[in-house]
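Secondary and tertiary structure notes
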Amino acid sequence: MFGITSKTGQLLHQDHLNTIATLQKMEEFLVKQTSKRPPDLADEALRRLIKDLATGIDDEITRHFGFEEGHLFPALAEAGESGMTDFLMSEHATIRPIAQDIGRRSREALEKGFTPESWAEYHTIGMEMIEREVFHIQKEEMGLLAAVNALIDADTDAKLSMIFAGA
Ligand SMILES: [Fe+2]
Ligand SMILES: [Fe+2]
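Residues numbered from 1 in each chain as written. Chains lettered and ligands numbered in written order. Predicted model: local features only at pLDDT ≥ 70, side-chain atom pairs only at ≥ 80, totals over all residues. Heavy atoms only, no water.

1. Comments concerning the overall build of the chain
The condition is simple: Helical segments are the DSSP runs of H or I of at least four residues, strand segments are the runs of E of at least two, and each set is numbered from the N terminus. Exposed residues in this analysis have more than 50% of their type's maximum accessible area, buried residues have under 20%, and partly exposed residues fall in between, with area computed by a 1.4 Å probe over protein chains only. Contact criterion: two residues are considered in contact whenever any of their non-hydrogen atoms come within 4.5 Å of each other. Positive charges come from Lys and Arg alone, negative charges from Asp and Glu alone, with His and the N- and C-terminal ends not counted. Taken as the charge centre is NZ of Lys, CZ of Arg, CG of Asp or CD of Glu, depending on the residue.
Scanning the chain from N- to C-terminus turns up five helices and zero strands. Traced from its N-terminal end to its C-terminal end, the chain shows the element sequence α-α-α-α-α. The principal-axis extents of the C-alpha atoms in the chain amount to approximately 50 × 25 × 25 Å. For the chain, the residues scored as buried account for 41% of the 167 residues in total. Intrachain contacts of the chain at a sequence separation of at least 6 include 85% that bridge at least 24 residues. In the chain, 17 positive and 29 negative side-chain charges are present, and the distance between their average locations comes to 8 Å.

Below you can see the structure in the form of structure tokens.
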């Protein structure tokens, strides 16, 4: 991988690594549990896991997506990269409702537990969300971070990284 020269790029990269770790944890959990065996949400450790996963995913689609859409993509579009940012934006638009759905289902399950049906759905939707989000992050790690390196000047980098760090 190329060196990430900007502060904004480094912060994004760190966020991406954290999200990948969350998604990997979720995938391990779903695979281990299988779609056939609803987890027992009387188990404190499992409750915490579901809560942590839901919080991590929510942070990704609000704070992280919000920074990219509200600040980073407009700066890159201004520098001529609107093709890439439009495309990444359309991926956000696909991922966001699936991730929100998982958040809603997680909170509901923490209240009422899973039924075999609600768990099977959670499992399918969760796996789809993980696949899409991991693929999206991989694309950003290549194209987006390279574009940030090449197109964001030092002043804009300072401004963007301050916004992101404060978000
Ligand atoms: Fe993104
Ligand atoms: Fe991102």
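Next comes the rest of the description.
2. A few points about helix 3 (residues 82-112)
Our working definition: One less than the number of residues in a helix, times 1.5 Å, gives the span that helix is expected to have. Two axes enter the bend calculation: one fitted to the seven residues ending at the residue in question, the other to the seven starting there, and the bend is the angle between them.
An ideal rise of 1.5 Å per residue puts 45 Å on 31 residues; helix 3 measures up with 44 Å between its terminal C-alpha atoms. Of all bends in helix 3, the biggest is about 25°, found at Ile 95, and the proline Pro 97 comes one to four residues later.

3. Quick look at the coordination of the iron ion (ligand 2)
This is how the line gets drawn: For Na, K and Ca the donor cut-off is 3.2 Å, while for other metals it is 2.8 Å, and in both cases only N, O and S atoms qualify; water is not among them, so sites may look incomplete. Between 85 and 135 degrees for all angles marks four donors as tetrahedral; over 155 degrees for opposite donors together with 65 to 115 for all other angles marks four donors as square planar and six as octahedral; every other arrangement is irregular.
On the protein side, the iron ion (ligand 2) has His 16 (NE2), His 64 (NE2), Glu 68 (OE) and Glu 140 (OE) as donor atoms, found 1.9 to 2.2 Å from it. Coordination geometry of the iron ion (ligand 2): the four donor atoms subtend angles of 81 to 173° at the metal centre, consistent with an arrangement described as irregular. Written as a sequence motif, the donor arrangement for the iron ion (ligand 2) is H-x47-H-x3-E-x71-E. Between the iron ion (ligand 2) and the iron ion (ligand 1), a separation of 3.3 Å is found, and both are coordinated by Glu 68.

4. Describing the pattern of salt bridges
Think of it this way: side chains of opposite charge can pair up when their charged atoms draw near. Test applied: Put simply, a salt bridge is a Lys or Arg side-chain nitrogen that is within 4 Å of an Asp or Glu carboxyl oxygen.
In this structure the tally under the stated criterion is nine salt bridges. When the shortest N-O distance is used, the salt bridge between Lys 139 and Glu 91 registers 2.1 Å. Linking Lys 139 in helix 4 (residues 116-151) with Glu 91 in helix 3, this pair joins segments that are 48 residues apart in sequence. With a closest N to O distance of 2.9 Å, Arg 105 and Glu 121 form a salt bridge. Within this pair, whereas Arg 105 is found in helix 3, its partner Glu 121 is found in helix 4, the two being separated by 16 residues in sequence. Here Glu 121 falls in the partly exposed class, since its relative accessible area comes to 40%.

5. Topic: the packing of helix 2 (residues 44-78) against helix 5 (residues 154-166)
This is how the line gets drawn: Axes here refer to lines fitted to C-alpha atoms; in helices the fit is confined to the stretch in contact. Angles between the N-to-C directions go from 0 to 180 degrees. Every angle not falling under 35 degrees, over 145, or within 65 to 115 is termed oblique; those three ranges are roughly parallel, roughly antiparallel and roughly perpendicular. Handedness of each helix crossing follows the sense of rotation of the near helix against the far helix: counterclockwise by less than a right angle gives left-handed, clockwise gives right-handed. Here the nonpolar group is Ala, Val, Leu, Ile, Met, Phe, Trp, Tyr, Cys and Pro; Asp, Glu, Lys and Arg are the charged ones; every other residue, Gly included, is treated as polar.
Packing of helix 2 against helix 5 brings their axes to within 10 Å, and their N-to-C directions diverge by 160°. Judged by the angle between their axes, helix 2 and helix 5 are roughly antiparallel. For the pair helix 2 and helix 5, the sense of crossing is right-handed. Across the interface between the two elements, Arg 63, His 64, Phe 67, His 71, Leu 72 and Ala 75 of helix 2 pack against Thr 156, Leu 160, Ile 163 and Phe 164 of helix 5. In the contact of helix 2 with helix 5, the residues fall into six nonpolar, three polar and one charged.

6. Quick look at the environment of Glu 131
Assignment of secondary structure puts Glu 131 in helix 4. Classification of Glu 131 by relative accessible area gives exposed; the value is 61%. Each C-alpha atom, one on Glu 131 and one on Glu 27, is 9.3 Å from the other, the two residues being 104 residues apart in sequence.

7. A look at unusual backbone geometry
Even without glycine at this site, Thr 34 takes up a positive phi of about 65°. Owing to a relative accessible area of 33%, Thr 34 belongs among the partly exposed residues under this scheme.

8. Looking at the coordination of the iron ion (ligand 1)
Distances from the iron ion (ligand 1) to its protein donors, namely Glu 68 (OE), His 92 (NE2), His 136 (NE2) and Glu 140 (OE), fall within the range 2.0 to 2.2 Å. The site at the iron ion (ligand 1) holds four donor atoms, and with the angles between them running 82 to 174°, its shape is irregular. Taken in chain order, the donor set of the iron ion (ligand 1) reads E-x23-H-x43-H-x3-E. Here Glu 140 falls in the buried class, since its relative accessible area comes to 1%.

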